[in-house]
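# Observations on the model geometry
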Amino acid sequence: MKNPEIRKTIYILIPICLVLIAYVLYPSLRTLSESFYTEGNFTFGNYYEFFSPEARSNLEALWNSVYISVLTVIFSALIGVPLAFIFNKYDFPGRSFFSSVAIMPIVLPSLVGVMAFMFLYGETGLVPNILKDLFGLNEVPFKIGGVSGILLVHAYTMYVYFYMTVSSTINSIDPSLEEAAYNLGASRWTVFWKVTFPLLTPALVAASLLVFMVSMASFSAPFLLAGGYRVLSLQIYFSKINGDLPMAATQSVILSVVSISFLLFMRWFQNRKDYRMASKGIGAHRSEVRNPLLKWIMVAVGMFGVVILLLPHFTILILSLVPDGTWTWQTYPSVFNLENYLLLFNDPFIWDPVRNSLILATLATLGNFVFGMFASYVLVKRKFVGKNFLDIIVMIPWALPATVVGMNLIFAFNEPTPFTFGKILVGSFWILPLAYFVRHIPLVVRSTNASLEQLDDSVEEAARNLGARWFYTFRRVILPAIMPGLLAGTLLAFVQAVGEFPTSVLLYTLENRPISIEIMNQLRMFNLGQAAAYGMIQIGLIAIVLFISNKFLGVKTERSL
């Protein structure tokens, strides 16, 4: 590499490394350090306490987190993979509409989704009470809560990861491979197990990894539905609000170790074999369902699925029209108007959380856009010592649960540091946009990497050989080529930031409280209509972003995932 190129690489690397060291690596190391200290003394006592048989709550919470996460992966796969096959292998009336509705859970932020399930299927939920009145029962026939409630919410919100990744892979499989196997006399089961399934393995591993880690980090569902059921993400929160920060640090380290261990295991499993296709045939095609009975059974099942999938969205919409104080002892709401929305737009105090969410998410996303653009470029297009180590640091926020990221920032910035220009960030406005920024760095970098890896190095070299300066080449040649991937990650980061709850609940203040925190506050005060109105605002913001990205920017939801 020529000296000018080395200097340019160093100039780009310096700010990237400073950001990663200051806001990713340093906070993680501070949490690790805090876990070994009690009252200023170095000790392993926190770990002894965590694994002590006498303190069963932490071990129980760890086991429950792993148990729920494994079950979530299984149930999400059982829903998402068959749907991917049905909608991508077969053609029947309404298929396109059904396949579009199948990704609707993505517009439900985690807290809003849990709230919808509580209103629908909880002890005072609409569905159990409708069945109770319909059949003249003395009590509701069922209610969600505990493990079953958490798994139901997780399966509903996370099967999309399996559905989208498997759908993408199915559409890229050359059908001639399966046809060749059939022509050689293989049965359908043999073709699936020996040909299709191996090609799906990378997608299944990626989806399993994502679902497991999202489930391990899950906070909203356990927070509202667990009752006395302990999970480690909640234990961290309780330790923090009880002032036991050394134990919160220890729990954060243990949760991080479990998540990263699963990440390494799944990568090892995927790398055991080569799953690439050698052929260059046409893309997958769908077979028309010709049996009339089977065709209309699929349509009927599809319509039923649409109702089930959209019921949480409609429930939040309906409840947002119920004025506070009008649904108390009654089984069903009876008064509907726009009072909650009028309050949102007329009362500045009530509107503040919406404004805060927009400001916080925008600030964090702008940072993600700029940082992700240059970090991805230097990781893909430049050669330097320590490149793999830098790539690992970039991915740390993705491997860490949200509660751990929040605790990392608390330990790192509850005192003045050079990285905060001598200021204390904890308790300030800026801690939340920083948390959102750190959480979503990997989303933008990984999405942009995919576009950069497809860009031939000769394109940049040709521009430079024609006399273009590096920045001009980057702005006029590279940036337009990678913009779809960059926007995909950036828009997904914005969507995630608007609905972010776990880090918010650890770091918010009254002045910067986002929508998710206000929803929690309204639920605590039993202002269900106002909570639902905030939920609809969140859903609307996310839907608008996804619509704009799809319609005008050409960034598909599938690519964002």
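Residues numbered from 1 in each chain as written. Predicted model: local features only at pLDDT ≥ 70, side-chain atom pairs only at ≥ 80, totals over all residues. Heavy atoms only, no water.

## Side note on the overall build of the chain
Along the backbone of the chain there are 24 helices and 4 strands. Residues counted as buried form 52% of the 561 residues belonging to the chain. A fraction of 76% describes how many contacts in the chain between residues 6 or more apart in sequence connect residues 24 or more apart. A total of about 26,700 Å² of accessible surface is found on the chain, and carbon and sulfur atoms cover 65% of it. (Helix = DSSP H or I, 4+ residues; strand = E, 2+ residues; numbered from the N terminus. Buried < 20%, exposed > 50% of the residue type's maximum accessible area, 1.4 Å probe, protein only. Contact = heavy atoms within 4.5 Å. Areas by Shrake-Rupley, 256 points an atom, 1.4 Å probe, with all protein chains shown as cover.)

## Regarding the side chain of Asn88
On the secondary structure map, Asn88 appears in helix α3 (residues 56-89). Only 2.7 Å separates the side chain of Asn88 from the backbone oxygen of Ala84, close enough to count as a polar contact. (Polar contact = N/O pair within 3.5 Å; in protein donor to acceptor, adjacent residues only side chain to side chain.)

## A closer look at the environment of Asn408
Structurally, Asn408 can be placed in helix α17 (residues 402-413). Residue classification places Asn408 among the buried positions, given a relative accessible area of 5%. Along the chain, Asn408 and Ala249 lie 159 residues apart, while their C-alpha atoms are 8.1 Å from each other. Excluding residues that lie within four positions of it along the chain, Asn408 makes contacts with Pro27, Ser28, Thr31 and Leu400.

## A short note on the packing of helix α14 (residues 339-346) against helix α15 (residues 348-381)
Contact geometry of α14 with α15 gives a least axis separation of 6 Å together with a crossing angle of 85°. On the basis of their axis angle, the class for α14 and α15 is roughly perpendicular. Residues Leu343, Leu344, Phe345 and Asn346 of α14 pack against Pro348, Ile350, Trp351 and Val354 of α15. The residue inventory of the contact of α14 with α15, partitioned by class, reads 7 nonpolar, 1 polar and no charged. (Axes fitted to C-alpha atoms, helices over the stretch in contact; angles between N-to-C directions. Parallel < 35°, antiparallel > 145°, perpendicular 65-115°, else oblique. Nonpolar A, V, L, I, M, F, W, Y, C, P; charged D, E, K, R; others polar.)

## Examining the pattern of salt bridges
Going through the model one piece at a time under the given rule, you end up with 5 salt bridges. The closest approach of N and O atoms between Arg30 and Glu34, which form a salt bridge, is 3.1 Å. One end of the pair is Arg30 and the other is Glu34, both in helix α1 (residues 3-34) and 4 residues apart, which spans about a single turn. Owing to a relative accessible area of 15%, Arg30 belongs among the buried residues under this scheme. Note that Arg355 is salt-bridged to Asp352, the shortest N-O span being 3.6 Å. In this pair, Arg355 and Asp352 both sit in helix α15, 3 residues apart, roughly one turn of the helix. Sharing partners across several salt bridges, the network here consists of Arg30, Glu34 and Glu415. (Salt bridge = Lys/Arg side-chain N within 4 Å of Asp/Glu carboxyl O.)

## Regarding the packing of aromatic side chains
Across all of its chains, the model carries 24 aromatic pairs by this definition. For the ring pair Phe36 and Phe42, a centre distance of 5.7 Å and an interplane angle of 15° mean the geometry is stacked. On the basis of relative accessibility, which here comes to 18%, the residue Phe36 falls in the buried class. Residues Phe219 and Phe501 carry aromatic rings whose centres are separated by 5.6 Å and whose planes lie at 55° to one another, so their mutual orientation is tilted. With Phe219 in the loop between α9 (188-216) and α10 (220-225) and Phe501 in the loop between α20 (470-498) and α21 (502-507), this residue pair connects regions lying 282 residues apart in the sequence. Pair check on accessibility: Phe219 and Phe501 agree, each one buried. Feature note: the residues Phe36, Tyr37, Phe42, Phe44 and Tyr47 constitute an aromatic cluster, connected by ring pairs. The ring of Phe349 has Arg513 lying over it, and the distance from NZ or CZ to the ring centre is 4.4 Å. (Phe/Tyr/Trp six-rings, centres within 6.5 Å; stacked < 30°, edge-to-face > 60°. Lys NZ or Arg CZ within 6 Å of the ring centre and 35° of its normal.)

## Details of a nonpolar patch on the surface
Together, Ile6, Ile10, Tyr11, Ile14 and Leu18 give the surface a local cluster of nonpolar side chains, amounting to about 490 Å² of exposed area. In this structure, Ile10 sits in helix α1. Judged by its relative accessible area of 40%, Ile10 falls in the partly exposed class. (Patch = residues over 30% accessible without salt bridge, like charges linked within 9 Å, V, L, I, M, F, W, Y side chains within 5 Å.)

## What about the packing of α15 against helix α16 (residues 387-399)?
At a minimum axis separation of 10 Å, α15 and α16 run at an interaxial angle of 145°. When you trace α15 past α16, the crossing you get is left-handed. Every residue of α16 that contacts α15 at Val378, Leu379 and Val380 is listed here: Lys387, Leu390, Asp391 and Val394. (Left-handed = near helix turned anticlockwise from the far one by under 90°.)

## Observations concerning empty space enclosed by the protein
With the rule as written, the count across this model stands at 2 cavities of 30 Å³ or more. By volume, the largest cavity is sized at about 60 Å³. Along the walls of the largest cavity sit Ser65, Ile68, Ser69, His154, Ser215, Met216, Ser218, Pro222, Val231, Leu232 and Ser233, which together make up its complete lining. Broken down by element, the residue count for the lining of the largest cavity peaks at 3 residues, all from α3. Tallied by class, residues from the lining of the largest cavity come to 5 nonpolar, 6 polar and no charged. In this structure, the second largest cavity spans a volume of roughly 50 Å³. The wall of the second largest cavity is formed by Tyr23, Val24, Pro27, Ser28, Pro397, Leu400, Val405, Asn408, Leu409 and Val438. (1 Å grid on protein atoms, 1.4 Å probe; cavity = no way out; pocket = protein on both sides within 12 Å on 5 of 7 lines; lining within 4 Å. Points joined across faces, edges and corners; volume = space filled by probe spheres on them.)

## With respect to the environment of Thr490
Tracing the sequence through the fold places Thr490 in helix α20. Sequence separation of Thr490 and Val370 is 120 residues, and the distance between their C-alpha atoms is 9.6 Å. Among residues more than four places away in sequence, those in contact with Thr490 are Thr365, Phe369 and Val444.

## Things to note about the confidence of the model for the chain
Predicted coordinates in regions of low pLDDT should not be interpreted in detail. Here the chain averages 83 in pLDDT, while 90% of its residues score no lower than 70. Ranking the helices and strands of the chain by mean pLDDT puts α17 first, with 92, and helix α24 (residues 557-560) last, with 49. (pLDDT = per-residue confidence, 0-100.)

## So, unusual backbone geometry
With a phi close to 55°, Phe421 is a non-glycine residue in the positive phi region. If you trace the backbone, Phe421 turns up in the loop between α17 and α18 (431-453). With a relative accessible area of 73%, Phe421 lands in the exposed category. A positive phi is found at Phe526, a non-glycine position, where the angle reads about 60°.

## Regarding α16
Relative to the 18 Å expected for 13 residues at 1.5 Å per residue, α16 spans 18 Å between its end C-alpha atoms, a close match to the ideal helical length. Turning to α16, its buried residues are Leu390, Ile393, Val394, Met395, Pro397 and Ala399. (Expected span 1.5 Å × (residues − 1).)

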